[in-house]
Amino acid sequence: MNDLIQYLLNFALDQGFGVAQLCEDEDYRSLADKSKQLIIINTNWRNKTELPFIIGHEIGHLVDGDLGISSYCGTTLTSKERHADLYSLNLIFDYATKQYDCYQEPGQFMQAYGIPTRMYGDVIELFKNNDDLLF
């Protein structure tokens, strides 16, 4: 997981985004600040396996050009949150394929990469649309 986190942080920096890592209370939400082109990641988030997904999610907000500050809430309440979730999923999928990681079913991929269960249908579609992972 540390390699994936480093990959995502480097990706953010390569896009010209700033990255700040904090160790706050486990309920403190990571966020993206468009005005500063900055993602702020709480490394003490209550679900550590979800950290890579959160990093990708916050990058997604900046790439999409969302205005203001967006904080990670763990649900897709708006279309902006949904787009950020999908961006993160695809970013992690790209990493997995570069690592030649193959999974026979979506749940294995989700567990290995900390993808939230709300993304299950999207992972199934991703597997169906890509021949390089088994499904």
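Structural data are supplied above this passage.
Residues numbered from 1 in each chain as written. Predicted model: local features only at pLDDT ≥ 70, side-chain atom pairs only at ≥ 80, totals over all residues. Heavy atoms only, no water.

Caption draft 1: Expanded view of the pattern of salt bridges. Evaluated as defined, the whole model comprises four salt bridges. Residues Asp33 and Lys36 are paired through a salt bridge, measuring 4.0 Å at the closest nitrogen-oxygen approach. On the basis of relative accessibility, which here comes to 59%, the residue Lys36 falls in the exposed class. Here Asp122 ties to Arg82 by a salt bridge, and the two come within 2.7 Å at their closest N and O atoms. Of the two residues, Asp122 sits in helix H5 (residues 120–129) while Arg82 sits in helix H3 (residues 79–98), which places them 40 residues apart along the sequence. Judged by relative accessible area, Asp122 falls into the buried class, the value being 17%. Take Arg82: its relative accessible area is 33%, and that puts it in the partly exposed class. (Salt bridge = Lys/Arg side-chain N within 4 Å of Asp/Glu carboxyl O. Buried < 20%, exposed > 50% of the residue type's maximum accessible area, 1.4 Å probe, protein only. Helix = DSSP H or I, 4+ residues; strand = E, 2+ residues; numbered from the N terminus.)

Caption draft 2: The arrangement of the nonpolar core in detail. Counting residues in hydrophobic clusters, the biggest one holds 33 residues, and the most contacted among them are Ile39, Ile55, Ile59, Phe109, Tyr113, Ile115 and Val123. Breaking this core down by element, the ones donating at least two residues are helix H1 (2–14), strand S3 (38–42), helix H2 (51–64), H3, helix H4 (106–113) and H5. When sequence neighbours within four positions are dropped, the list of residues in contact with Ile55 reads Ile5, Leu8, Leu9, Ile39 and Ile41. (Core = buried A, V, L, I, M, F, W, Y, C linked by side-chain atoms within 4.5 Å. Contact = heavy atoms within 4.5 Å.)

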